[in-house]
Amino acid sequence: QLQLVESGGGLVQAGGSLRLSCAASGSTFSINTMGWYRQAPGKQRELVAGISSGGSTNYADSVKGRFTISRDNAKNTVYLQMNSLKPEDTAVYYCNAERGAVGGGIYHYWGQGTQVTVSS
């Protein structure tokens, strides 16, 4: 089994910063892409940033230049540094991990979510 636990969320003022962490534990073998998603009330869950095991990154247009995703493969941990936060960044942020299934396809794993609230 694979478990993902997020931390680092909180309440900040617009323009502030937060750093989210996601620690993977259990069966962490062969994790490929890890990423961060977010979901605001009444909205679909959306990809914020993703990072491959080799370090390639991808960002939603809305966060480019403000957020940075990174990972420490040795520690099985992924981070999201969030700078210049805006009220529209307010959401529950979820850590995600992907790895291949035995019979093909991809398994997706999710953390419990951490609340980020940005006040104006």
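Look above for the structure.
As a starting point, this report considers the structure included with it.

What counts as what
- Residues numbered from 1 in each chain as written.
- Predicted model: local features only at pLDDT ≥ 70, side-chain atom pairs only at ≥ 80, totals over all residues.
- Heavy atoms only, no water.
- Pairing = 2+ DSSP bridges.
- Helix = DSSP H or I, 4+ residues; strand = E, 2+ residues; numbered from the N terminus.
- Axes fitted to C-alpha atoms, helices over the stretch in contact; angles between N-to-C directions.
- Contact = heavy atoms within 4.5 Å.

## Some words on the sheet that holds strand E8 (residues 77-82)
- With respect to topology, four strands assemble into an open sheet ordered E1-E3-E8-E7, the strand pairing being antiparallel. Each edge of the open sheet is held by one strand with a lone partner, namely strand E1 (2-7) and strand E7 (67-72). Here the strands of the sheet are splayed against their neighbours by 15° on average, with no regard to which way each runs.

## A few points about the environment of Cys95
- Within the secondary structure layout, Cys95 lies in strand E9 (residues 91-100).
- Residues Cys95 and Val5, spaced 90 residues apart in sequence, show a C-alpha to C-alpha distance of 7.6 Å.
- What Cys95 contacts, discounting residues up to four positions off in sequence, is Leu4, Glu6, Cys22, Met34, Gly35, Trp36, Val78, Tyr109, Trp110 and Gly111.

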